[in-house]
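Tertiary structure, described
The primary structure of each chain is shown beneath.
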Amino acid sequence: MKHNIITVLFATALVVLGFIFWQTDYVFYILAAVFLLYIIVTVYGVFTIQSNYFLTSLNKGKSNAVTLTFDDGPDPVQTPLILAALKEQEVKATFFLIGKKADQYPELVNQIVQEGHIVGNHSYSHHMLIGFFSRRRLKKDLEQCNAVIEQITGKRPLYFRPPFGVTNPRYADVLKELGMQSVGWSLRSLDTKAKNKYALIERILVRLKKKDIILLHDNQEVTADAIDDIVQHCRQKKIAIETLDWVTKTAAYAS
Ligand SMILES: [Zn+2]
(Lines give C-alpha, C1' and ligand atoms only; values in the text may rest on other atoms or scores of the structure.)
Protein backbone atom coordinates (compact mmCIF):
# COMPACT_ATOMS: atom_id res chain seq x y z
CA MET A 1 0.00 0.00 0.00
CA LYS A 2 1.24 3.43 -0.96
CA HIS A 3 -0.06 4.80 2.33
CA ASN A 4 2.26 2.60 4.42
CA ILE A 5 5.33 3.42 2.36
CA ILE A 6 4.60 7.15 2.44
CA THR A 7 3.98 7.09 6.19
CA VAL A 8 7.36 5.43 6.76
CA LEU A 9 9.06 7.93 4.43
CA PHE A 10 7.54 10.92 6.20
CA ALA A 11 8.34 9.51 9.65
CA THR A 12 11.94 8.95 8.55
CA ALA A 13 12.11 12.47 7.12
CA LEU A 14 10.84 13.90 10.43
CA VAL A 15 13.48 12.05 12.43
CA VAL A 16 16.35 12.84 10.05
CA LEU A 17 15.45 16.50 9.59
CA GLY A 18 14.80 16.87 13.32
CA PHE A 19 18.25 15.46 13.99
CA ILE A 20 19.99 17.69 11.42
CA PHE A 21 18.26 20.93 12.33
CA TRP A 22 17.84 20.29 16.05
CA GLN A 23 19.97 23.18 17.19
CA THR A 24 18.65 25.72 14.71
CA ASP A 25 15.92 28.27 15.31
CA TYR A 26 13.79 27.01 12.48
CA VAL A 27 13.62 23.30 13.35
CA PHE A 28 9.98 23.68 14.35
CA TYR A 29 9.02 25.20 10.98
CA ILE A 30 10.78 22.46 9.02
CA LEU A 31 9.08 19.69 10.98
CA ALA A 32 5.70 21.44 10.79
CA ALA A 33 6.07 21.78 7.00
CA VAL A 34 6.88 18.06 6.62
CA PHE A 35 3.92 17.14 8.80
CA LEU A 36 1.58 19.44 6.87
CA LEU A 37 2.72 17.92 3.59
CA TYR A 38 1.97 14.47 5.00
CA ILE A 39 -1.55 15.58 5.96
CA ILE A 40 -2.12 17.01 2.45
CA VAL A 41 -0.97 13.77 0.79
CA THR A 42 -3.18 11.70 3.12
CA VAL A 43 -6.27 13.83 2.51
CA TYR A 44 -5.65 13.59 -1.22
CA GLY A 45 -5.47 9.80 -0.84
CA VAL A 46 -8.73 9.71 1.15
CA PHE A 47 -10.71 11.64 -1.45
CA THR A 48 -9.09 10.38 -4.65
CA ILE A 49 -10.00 6.77 -5.18
CA GLN A 50 -7.98 6.71 -8.42
CA SER A 51 -4.79 7.33 -6.44
CA ASN A 52 -5.03 3.77 -5.02
CA TYR A 53 -3.50 5.26 -1.90
CA PHE A 54 -4.95 2.99 0.77
CA LEU A 55 -6.14 0.14 -1.41
CA THR A 56 -6.20 -0.80 -5.07
CA SER A 57 -9.50 -0.12 -6.79
CA LEU A 58 -10.66 -1.01 -10.26
CA ASN A 59 -10.64 2.44 -11.81
CA LYS A 60 -10.42 1.53 -15.47
CA GLY A 61 -11.22 -1.34 -17.80
CA LYS A 62 -8.71 -3.63 -19.45
CA SER A 63 -10.49 -3.92 -22.75
CA ASN A 64 -11.36 -1.09 -25.13
CA ALA A 65 -15.00 -1.16 -24.15
CA VAL A 66 -16.52 1.22 -21.60
CA THR A 67 -18.85 0.27 -18.78
CA LEU A 68 -21.79 2.02 -17.10
CA THR A 69 -22.15 1.95 -13.32
CA PHE A 70 -25.07 3.32 -11.31
CA ASP A 71 -24.81 4.16 -7.61
CA ASP A 72 -27.29 4.90 -4.82
CA GLY A 73 -30.28 2.84 -5.97
CA PRO A 74 -32.56 1.07 -6.16
CA ASP A 75 -34.89 4.00 -6.56
CA PRO A 76 -38.62 3.30 -6.99
CA VAL A 77 -39.00 5.95 -9.71
CA GLN A 78 -35.69 6.26 -11.53
CA THR A 79 -34.37 2.70 -11.47
CA PRO A 80 -37.28 1.30 -13.55
CA LEU A 81 -36.80 4.12 -16.08
CA ILE A 82 -33.09 3.39 -16.33
CA LEU A 83 -33.73 -0.34 -16.65
CA ALA A 84 -36.22 0.32 -19.44
CA ALA A 85 -33.73 2.54 -21.30
CA LEU A 86 -30.96 -0.04 -20.93
CA LYS A 87 -33.27 -2.79 -22.13
CA GLU A 88 -34.29 -0.84 -25.16
CA GLN A 89 -30.67 -0.13 -26.03
CA GLU A 90 -29.66 -3.72 -25.21
CA VAL A 91 -26.97 -2.58 -22.82
CA LYS A 92 -25.95 -4.24 -19.54
CA ALA A 93 -24.67 -2.22 -16.61
CA THR A 94 -23.64 -2.50 -12.96
CA PHE A 95 -25.74 -1.19 -10.08
CA PHE A 96 -24.03 -0.42 -6.77
CA LEU A 97 -26.92 -0.79 -4.36
CA ILE A 98 -27.46 0.79 -1.00
CA GLY A 99 -28.44 -2.08 1.30
CA LYS A 100 -31.23 -0.28 3.15
CA LYS A 101 -32.85 0.69 -0.15
CA ALA A 102 -32.45 -2.85 -1.49
CA ASP A 103 -34.26 -3.97 1.67
CA GLN A 104 -37.12 -1.62 0.80
CA TYR A 105 -37.38 -2.51 -2.89
CA PRO A 106 -36.38 -6.16 -3.28
CA GLU A 107 -38.46 -6.53 -6.46
CA LEU A 108 -36.27 -3.90 -8.13
CA VAL A 109 -33.10 -5.70 -7.08
CA ASN A 110 -34.50 -8.88 -8.60
CA GLN A 111 -35.46 -7.08 -11.77
CA ILE A 112 -31.92 -5.64 -12.13
CA VAL A 113 -30.38 -9.10 -11.90
CA GLN A 114 -33.01 -10.81 -14.03
CA GLU A 115 -32.43 -8.31 -16.81
CA GLY A 116 -28.78 -9.31 -16.94
CA HIS A 117 -27.15 -6.50 -14.97
CA ILE A 118 -24.63 -6.86 -12.18
CA VAL A 119 -25.27 -5.78 -8.61
CA GLY A 120 -22.53 -4.59 -6.27
CA ASN A 121 -22.32 -3.39 -2.69
CA HIS A 122 -22.46 0.35 -1.96
CA SER A 123 -22.74 -0.15 1.84
CA TYR A 124 -25.93 -0.75 3.81
CA SER A 125 -26.28 2.68 5.41
CA HIS A 126 -24.49 5.02 2.96
CA HIS A 127 -23.99 7.02 6.16
CA MET A 128 -22.62 10.55 5.74
CA LEU A 129 -19.91 9.73 8.26
CA ILE A 130 -19.12 6.21 7.04
CA GLY A 131 -15.55 7.35 6.44
CA PHE A 132 -15.23 7.71 10.22
CA PHE A 133 -16.75 4.31 11.07
CA SER A 134 -14.61 1.97 13.15
CA ARG A 135 -13.34 -1.14 11.41
CA ARG A 136 -15.91 -3.26 13.19
CA ARG A 137 -18.84 -1.02 12.35
CA LEU A 138 -17.71 -0.69 8.74
CA LYS A 139 -17.42 -4.44 8.35
CA LYS A 140 -20.89 -4.95 9.82
CA ASP A 141 -22.31 -2.34 7.44
CA LEU A 142 -20.78 -3.95 4.36
CA GLU A 143 -21.75 -7.45 5.48
CA GLN A 144 -25.31 -6.29 6.06
CA CYS A 145 -25.52 -5.01 2.47
CA ASN A 146 -24.09 -8.28 1.13
CA ALA A 147 -26.62 -10.24 3.20
CA VAL A 148 -29.57 -8.27 1.83
CA ILE A 149 -28.42 -8.70 -1.77
CA GLU A 150 -27.71 -12.39 -1.27
CA GLN A 151 -31.06 -12.96 0.37
CA ILE A 152 -32.88 -11.39 -2.56
CA THR A 153 -30.81 -12.64 -5.49
CA GLY A 154 -28.92 -15.66 -4.17
CA LYS A 155 -25.67 -13.97 -5.22
CA ARG A 156 -23.01 -12.57 -2.91
CA PRO A 157 -21.38 -9.49 -4.45
CA LEU A 158 -17.63 -9.14 -4.67
CA TYR A 159 -17.66 -5.58 -5.98
CA PHE A 160 -17.81 -2.72 -3.52
CA ARG A 161 -17.94 0.95 -4.35
CA PRO A 162 -17.05 3.17 -1.38
CA PRO A 163 -19.71 5.82 -0.69
CA PHE A 164 -18.50 9.26 -1.79
CA GLY A 165 -15.40 7.58 -3.24
CA VAL A 166 -13.75 7.94 0.17
CA THR A 167 -11.22 5.29 1.19
CA ASN A 168 -9.04 4.82 4.27
CA PRO A 169 -7.00 2.05 5.94
CA ARG A 170 -10.13 0.56 7.55
CA TYR A 171 -11.70 -0.01 4.15
CA ALA A 172 -8.50 -1.71 3.05
CA ASP A 173 -8.67 -4.10 6.04
CA VAL A 174 -12.40 -4.81 5.83
CA LEU A 175 -12.44 -5.45 2.08
CA LYS A 176 -9.50 -7.79 2.44
CA GLU A 177 -11.27 -9.70 5.21
CA LEU A 178 -14.45 -9.97 3.15
CA GLY A 179 -12.55 -10.89 -0.01
CA MET A 180 -14.15 -7.97 -1.85
CA GLN A 181 -12.85 -5.70 -4.58
CA SER A 182 -13.10 -1.92 -4.42
CA VAL A 183 -14.40 -0.30 -7.61
CA GLY A 184 -13.73 3.32 -8.49
CA TRP A 185 -14.29 5.08 -11.81
CA SER A 186 -12.41 6.94 -14.49
CA LEU A 187 -15.22 9.19 -15.69
CA ARG A 188 -17.35 11.01 -13.18
CA SER A 189 -20.54 12.15 -14.87
CA LEU A 190 -21.52 14.56 -12.08
CA ASP A 191 -25.13 13.65 -12.89
CA THR A 192 -26.10 14.59 -9.34
CA LYS A 193 -25.23 18.18 -10.17
CA ALA A 194 -26.20 18.37 -13.85
CA LYS A 195 -28.78 21.05 -14.62
CA ASN A 196 -30.37 19.11 -17.47
CA LYS A 197 -29.77 16.04 -19.61
CA TYR A 198 -27.92 18.03 -22.27
CA ALA A 199 -25.35 19.27 -19.77
CA LEU A 200 -24.88 15.71 -18.56
CA ILE A 201 -24.59 14.24 -22.05
CA GLU A 202 -22.11 16.90 -23.09
CA ARG A 203 -19.92 16.36 -20.05
CA ILE A 204 -19.76 12.65 -20.72
CA LEU A 205 -19.28 12.85 -24.48
CA VAL A 206 -16.47 15.39 -24.26
CA ARG A 207 -14.52 13.23 -21.83
CA LEU A 208 -15.41 9.71 -22.89
CA LYS A 209 -12.55 7.47 -23.89
CA LYS A 210 -12.04 3.75 -24.28
CA LYS A 211 -11.66 1.69 -21.07
CA ASP A 212 -13.72 4.21 -19.07
CA ILE A 213 -15.69 3.13 -16.03
CA ILE A 214 -18.47 5.71 -16.00
CA LEU A 215 -19.99 6.78 -12.69
CA LEU A 216 -23.72 7.54 -12.82
CA HIS A 217 -26.58 7.44 -10.30
CA ASP A 218 -29.89 5.65 -10.70
CA ASN A 219 -31.72 8.05 -8.42
CA GLN A 220 -31.46 11.02 -10.79
CA GLU A 221 -34.11 11.96 -13.35
CA VAL A 222 -31.51 13.54 -15.59
CA THR A 223 -29.58 10.27 -15.76
CA ALA A 224 -32.49 8.18 -17.00
CA ASP A 225 -33.17 10.82 -19.67
CA ALA A 226 -29.58 10.77 -20.90
CA ILE A 227 -29.04 7.02 -21.36
CA ASP A 228 -30.25 6.79 -24.97
CA ASP A 229 -27.97 9.58 -26.17
CA ILE A 230 -24.92 8.27 -24.30
CA VAL A 231 -25.38 4.78 -25.73
CA GLN A 232 -25.97 6.03 -29.25
CA HIS A 233 -22.88 8.21 -29.09
CA CYS A 234 -20.78 5.22 -28.06
CA ARG A 235 -22.22 3.22 -30.96
CA GLN A 236 -21.39 5.99 -33.42
CA LYS A 237 -17.84 6.08 -32.12
CA LYS A 238 -17.73 2.27 -32.28
CA ILE A 239 -17.04 2.02 -28.54
CA ALA A 240 -18.64 -1.11 -27.09
CA ILE A 241 -20.43 -0.98 -23.74
CA GLU A 242 -19.83 -4.09 -21.67
CA THR A 243 -20.33 -5.15 -18.06
CA LEU A 244 -17.83 -4.41 -15.32
CA ASP A 245 -16.70 -8.03 -14.93
CA TRP A 246 -16.07 -8.25 -18.65
CA VAL A 247 -14.06 -5.04 -18.96
CA THR A 248 -11.98 -5.69 -15.83
CA LYS A 249 -11.64 -9.49 -16.22
CA THR A 250 -12.74 -10.00 -12.61
CA ALA A 251 -15.60 -11.87 -10.93
CA ALA A 252 -18.74 -10.07 -9.81
CA TYR A 253 -19.94 -12.69 -7.32
CA ALA A 254 -18.52 -15.16 -4.87
CA SER A 255 -18.79 -18.67 -6.22
ZN1 LIG B 1 -23.28 6.80 -3.16
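This one's a predicted model, so the numbers in the text were calculated from it and none came from an experiment. (Residues numbered from 1 in each chain as written. Predicted model: local features only at pLDDT ≥ 70, side-chain atom pairs only at ≥ 80, totals over all residues.)

Along the protein, the regular secondary structure elements total ten helices and seven strands. The dimensions of the protein, computed from C-alpha atoms along their principal axes, are 75 × 40 × 30 Å. Scored against the burial criterion, the 255 residues of the protein give a buried share of 40%. At a minimum sequence separation of 6, the contacts of the protein that also span at least 24 residues come to 76%. (Helix = DSSP H or I, 4+ residues; strand = E, 2+ residues; numbered from the N terminus. Buried ≥ 20, exposed ≤ 12 C-beta atoms within 10 Å, placed from the backbone. Contact = placed C-beta atoms within 7 Å.)

Judged by nonpolar contacts, the single largest core of 58 residues is most densely connected at Leu97, Val109, Ile149 and Ile214. The contact partners of Leu97, leaving out residues within four places of it in the chain, are Gly73, Pro74, Ala102, Val109, Val119, His122 and Ile149. (Core = buried A, V, L, I, M, F, W, Y, C linked by C-beta atoms within 7 Å.)

Let's shift gears to the domain arrangement of the protein. Under the domain assignment used here, the protein contains domain 1 (2-47) and domain 2 (67-248). Between the C-alpha centres of domain 1 and domain 2 the distance comes to 38 Å. (Domains from an automatic or database assignment.)

The next thing to look at is the pairing of strand S7 (residues 213-217). Along S7, five of the five residues are buried, which leaves the element largely enclosed by surrounding structure. Burial along S7 is two-sided: the residues Ile213, Leu215 and His217 and Ile214 and Leu216 are all buried. Here five bridges tie strand S1 (residues 67-73) to S7, and the two strands are oriented parallel to one another. Paired with Thr69 across the bridge in S7 is Leu215. Note that strand S6 (residues 187-188) and S7 share two bridges and pair parallel. Of the residues in S7, the one forming a bridge with Leu187 is Ile214. Between the parallel pair S6 and S7, the chain is carried across by helix H8 (residues 197-207), and the sense of this crossover is right-handed. (Pairing = 2+ DSSP bridges. Right-handed = clockwise from strand over helix to strand, strands pointing away.)

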